[in-house]
Amino acid sequence: MSYIDINNLWKEYGDQVVLERINAQVKKGDFITIVGASGCGKTTFLKMLLGTESPSRGAIVLDGKPIPAEPSAERGIVFQRYSVFPHMTVLKNVMLARELEHSRLLGLLFGTKRSAAKKEATELLERVGLGHALNKYPHELSGGMQQRLALAQSLMRKPAILLLDEPFGALDPGIRADMHALVLDLWKQHQLTIFMITHDLKEGFSLGTRLWVFDKLRHDPQAPNAYGARVTYDIPVGQADRSLYRQLNRQLDANAQPATPV
Amino acid sequence: MKKLINQHPNKTARWFLGLLPFAILLVLYLIASDARLTENPNDKLLPAFASFGDAIYRMAFEANKRSGDILLWVDTASSLTRLAWGVGISALAGLVFGVLNGTIPFLRASFSPMVTFLSLIPPMAILPILFIGFGLGELAKVMLIVIGITPFLIRDLQQRVLEIPAEQLIKAQTLGASTWQIMLRVVLPQVLPRLIDAVRLSLGAAWLFLIAAEAIAADQGLGYRIFLVRRYLAMDVILPYVLWITLLAFVVDYGLKKISLWCFPWFHSLTATQGNGK
């Protein structure tokens, strides 16, 4: 049995079918990048993995059990924005995971436990390249540094699965390349299973082990919401070639539609 | 010549322009007061500055012949005590209920309509009920302030909690936080500076309720004194008292602002950068 089983997953909002018949198996350690036109349900899919949305039909099974229907510590997340706590310094943002874990009542640690958490957080922050900014507040950091912080913060709790929702969408191209290297590095080091949404097809081709393309196979021009998106391609990265890339690129452009309000 | 919207006064000019209306007001008062006093030296409506000096000396530095108290300080102390109790209780209630309502949907469903209902009752209309229920002592006056501003504080704080991005609450859960821990470590510290903002906004109303309650039933207090000496048309006491209340209100407001800047530097630089369109 695989690590994550996605069984005949549907998501509908009233008449609008967002996702239909999603079936997939995911192994531990897979790094899956998800691309698709905007409004095709990528984020809805990620939210179901996260537990903030529930499937209309079908189920996601994690390690033989239905995935918990609310966010929990085994699934870390980095959003495009607002992932870090503005009222805490960089160091405290990362220490928080350990404090929440060991101090159920106050969420605060003292003495040796505190020093241990501090040391661990500092090491993690040094690894993501924020060793020089421990006592800064998030608003003093650039966008790229904030995302590094968000990654470190998530990893402190040692999640098995890391969900990334267009984490680098708001960053400059140069910084994005650095972030790719960092994510790959952390993925190997922490043996994570990663799902990453991106709107950048190139990112999908260069990162990870599998590329999923979400797209509508059936389309009714009279009722554009009648059919949902499916996983139209599941490509092992590394075996994809240039012509496939160009073909997908054209297809996604053609099917691009205004984002549906969800 | 630049357009008017692009011309900015320098520092000296700003001070001058800021003080100018005060100076004009002062001069107008002096002219009017002088005109009335030449007509009738016993006029009480617009006293001369010398009368103000006498009244201030009498109220602030001389013991009252009958009670032996220095009235201004006794009045100030009892008014500020009532204000502190009223605003303190309201702030605490606003924080507790605001955070609970904002964080827990089931509590919000139950309390939010009630708080909205309470906030729409004009507090002055139930002042008689307070006097009947709590007697004419300190409690009724404090309660008027509490009833007057608590619903506003709860609603404001609840709104501030709801404005915290959902991403943060989800993130905290993925770090293993319980509901209680989220309230304690994520929500509470982020709304504390907003509580100070809300309290500053509600202080005007708090003073209003304080003075109204003192005017109706009290034996000391700034509002009580003003309404007492009104019987003798004692403008020489009323106007200094009004200025003194204004100064106290300013000091309290300024103090809260400084406390907020000092305790929550992240909040103020955050709102400053957002203000710049970032």
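A. Fine view of the overall build of chain B. Within chain B, the secondary structure is distributed over eleven helices and zero strands. Sequence-ordered secondary structure for chain B, helices as α and strands as β, is α-α-α-α-α-α-α-α-α-α-α. Principal-axis analysis of the C-alpha atoms gives chain B an extent of 80 × 65 × 30 Å. Each of the 278 residues in chain B was classed as buried or not, and the buried ones make up 32%. Long-range pairs, those at least 24 residues apart, make up 71% of the contacts in chain B between residues at least 6 apart in sequence.

B. Layout of the overall build of chain A. For chain A, the count of helices and strands is seven helices and ten strands. On C-alpha atoms alone, chain A measures out to a radius of gyration of 19 Å, which is about the 18 Å that the 2.2 N^0.38 rule sets for 262 residues. Relative to all contacts within chain A whose residues are 6 or more apart in sequence, the contacts with residues 24 or more apart total 70%.

C. Local environment of the domain arrangement of chain A. Residue and element names in this part refer to chain A. One can read the domain layout of chain A as domain 1 (1-74 + 159-262) and domain 2 (89-158). Placing a centre on the C-alpha atoms of domain 1 and another on those of domain 2 gives a separation of 28 Å. Residue-level contacts link twelve residues of domain 1 with ten residues of domain 2. If one sorts the elements of the side of domain 1 that touches domain 2 by residue count, helix 5 (residues 173-190) sits on top with five residues. When grouped by side-chain class, the residues that make up the side of domain 1 that touches domain 2 number eleven nonpolar, one polar and no charged.

D. View of helix 2 (residues 90-102) of chain A. Along helix 2 of chain A, the helix axis deviates most sharply at Leu96 of chain A, where the bend reaches about 35°. Among the residues making up helix 2 of chain A, those that are buried are Val90, Asn93, Val94, Met95, Leu96, Ala97, Arg98, Glu99 and Leu100 of chain A. If you follow the buried residues of helix 2 of chain A, they end up packed against helix 3 (111-127) and helix 4 (143-155) of chain A together with helix 8 (179-216) of chain B.

E. Spatial organisation of the pairing of strand 3 (residues 31-36) of chain A. All names here are of chain A. With six of six residues buried, strand 3 lies mostly within the body of the structure. The alternating pattern of strand 3 places Phe31, Thr33 and Val35 and Ile32, Ile34 and Gly36 on opposite faces, both of which are buried. Pairing analysis gives four bridges linking strand 3 to strand 8 (residues 193-197), with the strands arranged parallel. From the neighbouring strand, Ile32 faces strand 8, where its bridge partner is Phe195. Strand direction decides the pairing type here: strand 3 and strand 9 (residues 210-216), joined by five bridges, are parallel. Paired with Ile34 across the strands is Trp212, a residue of strand 9.

F. The arrangement of the interface of chain B and chain A in detail. The interface of chain B with chain A comprises 21 residues on the first partner and 25 residues on the second. Within the residue set of the side of chain B that touches chain A, elements represented by two or more residues are helix 7 (166-174), helix 8 and helix 11 (265-275) of chain B.

G. Seen up close, the packing of helix 2 of chain A against helix 4 of chain A. All names here are of chain A. In the contact formed by helix 2 and helix 4, the axes pass within 7 Å of each other and the chain directions differ by 25°. Overall, the two elements helix 2 and helix 4 adopt an arrangement that is roughly parallel. The interaxial crossing formed by helix 2 with helix 4 has right-handed handedness. Between helix 2, through Val90, Asn93, Val94 and Ala97, and helix 4, the contact on the second element is made entirely by Leu149, Ala152 and Gln153.

Conventions adopted
Residues numbered from 1 in each chain as written. Chains lettered and ligands numbered in written order. Predicted model: local features only at pLDDT ≥ 70, side-chain atom pairs only at ≥ 80, totals over all residues. Helix = DSSP H or I, 4+ residues; strand = E, 2+ residues; numbered from the N terminus. Buried ≥ 20, exposed ≤ 12 C-beta atoms within 10 Å, placed from the backbone. Contact = placed C-beta atoms within 7 Å. Rg over C-alpha atoms; globule rule 2.2 N^0.38 Å. Domains from an automatic or database assignment. Nonpolar A, V, L, I, M, F, W, Y, C, P; charged D, E, K, R; others polar. Bend = angle between axes of the 7 residues up to and from the residue. Pairing = 2+ DSSP bridges. Axes fitted to C-alpha atoms, helices over the stretch in contact; angles between N-to-C directions. Parallel < 35°, antiparallel > 145°, perpendicular 65-115°, else oblique. Left-handed = near helix turned anticlockwise from the far one by under 90°.

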